[in-house]
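Observations on the model geometry
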Amino acid sequence: MRTWQVRDVMTTDVATVRENTAYREVVDVLTGRRVTAVPVVDGGRRVLGVVSEADLLHKVELLGQPHERRVFPGRRRRQARIKAGATLAADLMTAPAITVGPDATLVEAARLMTGRRVKRLPVVDDLGRLVGIVTRGDLLAVHLRPDDDIRRDVVQEVLHRVLAVPDTAVDVTVHEGVVTLTGQLDRWSTVHLALRLTAQVSGVVQVVDALGYAVDDAPMAALRLGGSTPAGIA
């Protein structure tokens, strides 16, 4: 079954700046390309960092304000002050950049964004060279797949290719990403696998189980998994 990867949704025409790009030029790139951040790259297009609107706004927020003398200023406050006075991308950028490879799955990219609290990831090859960029919106766009495309993947990839289920055994309907599986299969374990694999198809929002089975092999399936009931089964 085909799993969508970052390369399937990333943008390849990426706006970039160099380390010596001036503050005003960075602003011009962001506004001109209508993006909220740009990777900073060297001459070999290796990603050094990322400059975002948040990095640039420190100048608007703090420049000209009286310097607060604190005995132990916080790390974020110190960084904000440095960026407020910065004039080049090298001093404005957040580094090192949090990046992802083009072969990463969308799930892996989403977990990385959530875990590191970033809104976009530069996509780099094995040498660290920029090949694209992926945003939260790109990851969510997979749920805009047409229902017919989702149904085709469930029928052809899950039911036919992986499980070898006959055409007449299961009826598949899809409405706004919600997949309903109706019919009768041979074993409980086959039903369990059909539901789990269907949920992994790109664009699926929810799976509704309307499947029956002839043989309850749940105890045997639990033994194969080390004596525990498979996840998602009460």
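Conventions adopted
- Every chain begins its residue count from 1, and numbering advances along the sequence as written.
- Restriction of local features to residues with pLDDT of at least 70 applies here, the model being predicted, together with a cutoff of 80 or more for giving and counting side-chain atom pairs; totals for whole chains, interfaces and linings are based on all residues.
- With hydrogens and water set aside, each side-chain value is computed from the structure's full complement of heavy atoms.
- Strands here are runs of E lasting at least two residues and helices are runs of H or I lasting at least four, both read from the DSSP assignment and numbered beginning at the N terminus.
- In this scheme, a residue with accessible area under 20% of its type's maximum is buried, one over 50% is exposed, and one in between is partly exposed, where area comes from a 1.4 Å probe on protein chains only.
- For this analysis, residues touch if any pair of their heavy atoms sits within 4.5 Å.
- Using a 1.4 Å probe, accessible areas were evaluated by the Shrake-Rupley method; residue-level cover was limited to the displayed protein chains.
- Within a predicted model, pLDDT stands for the predictor's per-residue confidence, ranging from 0 to 100.
- Working definition of a nonpolar core: buried Ala, Val, Leu, Ile, Met, Phe, Trp, Tyr and Cys residues. They are joined through side-chain atoms within 4.5 Å.
- Two aromatic rings from Phe, Tyr or Trp, using only the six-membered ring of Trp, form a pair when their centres are within 6.5 Å; if the ring planes differ by under 30 degrees the pair is stacked, by over 60 it is edge-to-face, and anything between is tilted.
- Look at NZ for Lys and CZ for Arg. If either is within 6 Å of the ring centre and within 35 degrees of the ring normal, a charge sits over the ring.
- When DSSP finds at least two bridges between two strands, those strands are taken to pair.
- Here an angle of 0 to 180 degrees is reported between the N-to-C directions of two axes, which are lines fitted to C-alpha atoms, with helices fitted over the stretch in contact.
- By this rule the span expected of a helix is its residue count minus one, scaled by 1.5 Å.

The next point concerns the overall build of the chain. Scanning the chain from N- to C-terminus turns up 10 helices and 7 strands. Burial status across the chain gives 38% buried among its 234 residues. Within the chain, contacts between residues at least 6 apart in sequence are counted, and of these 59% link residues at least 24 apart. Surface summary for the chain: the accessible area is close to 14000 Å², and the carbon and sulfur share equals 52%.

So, about the confidence of the model for the chain. Per-residue confidence for the chain gives a mean pLDDT of 88, with 85% of residues at or over 70. Considering each helix and strand of the chain separately, the mean pLDDT is smallest for helix 10 (residues 218-224), with a value of 68, and largest for strand 4 (residues 130-135), with 98. The model gives residues 227-234 a pLDDT under 50, and that stretch makes 10 contacts with residues more than four places away or in other chains.

Our focus in this paragraph is the nonpolar core. By size, the foremost hydrophobic cluster in this structure holds 21 residues, and its most contacted members are Leu159, Val170, Val172, Leu181 and Leu185. Every element with two or more residues in this core is listed here: helix 8 (147-162), strand 5 (170-175), strand 6 (178-187) and helix 9 (188-199). No other element matches the 5 residues that helix 8 contributes to this core. Once residues within four sequence positions are removed from consideration, Leu181 is found in contact with Val154, Val170, Asp171, Val172, Ala194, Leu195, Thr198, Val207, Val208, Asp209, Ala210 and Leu211. With 16 residues, the next largest nonpolar core counts Val100, Leu121, Leu139 and Val142 among its residues.

As a further point, take the packing of aromatic side chains. What the rule picks out here adds up to 0 aromatic pairs. Over the ring of Tyr23 we find Lys59; its NZ or CZ atom is 5.0 Å from the centre of that ring.

Most of strand 1 (residues 37-41) is tucked away, with 5 of its 5 residues classed as buried. Going residue by residue along strand 1, you find Ala37, Pro39 and Val41 tucked away on one face and Val38 and Val40 tucked away on the opposite face as well. Taken together, strand 1 and the strand that follows it, strand 2 (residues 47-52), pair antiparallel across an intervening segment of 5 residues, in which Arg45 is found at a positive phi of about 60°.

So, about the sheet that holds strand 7 (residues 206-215). What the 3 strands build is an open sheet, ordered 5-6-7; its pairing is mixed. Each having just a single partner strand, strand 5 and strand 7 make up the two edges of the open sheet. On average, each strand axis in the sheet is tilted by 10° relative to the strand beside it, whichever way the strands run. The sheet contact formed by strand 6 and strand 7 spans 9 bridges and is parallel. Counterpart to Val179 in the pairing with strand 7 is Val207. Packed onto the sheet, helix 8 meets strand 5 and strand 6 and runs at close to 150° relative to strand 5. The strands that helix 9 touches are strand 6 and strand 7; relative to strand 6, the one it contacts most, it runs at about 155°.

Take helix 9 next. Its 12 residues give helix 9 an end-to-end C-alpha distance of 17 Å, which sits within 8% of 16 Å, the value for a rise of 1.5 Å per residue. Most of helix 9 is tucked away: 9 of the 12 residues are buried. Along helix 9, the residues that are buried comprise Trp188, Ser189, Thr190, Val191, His192, Ala194, Leu195, Leu197 and Thr198.

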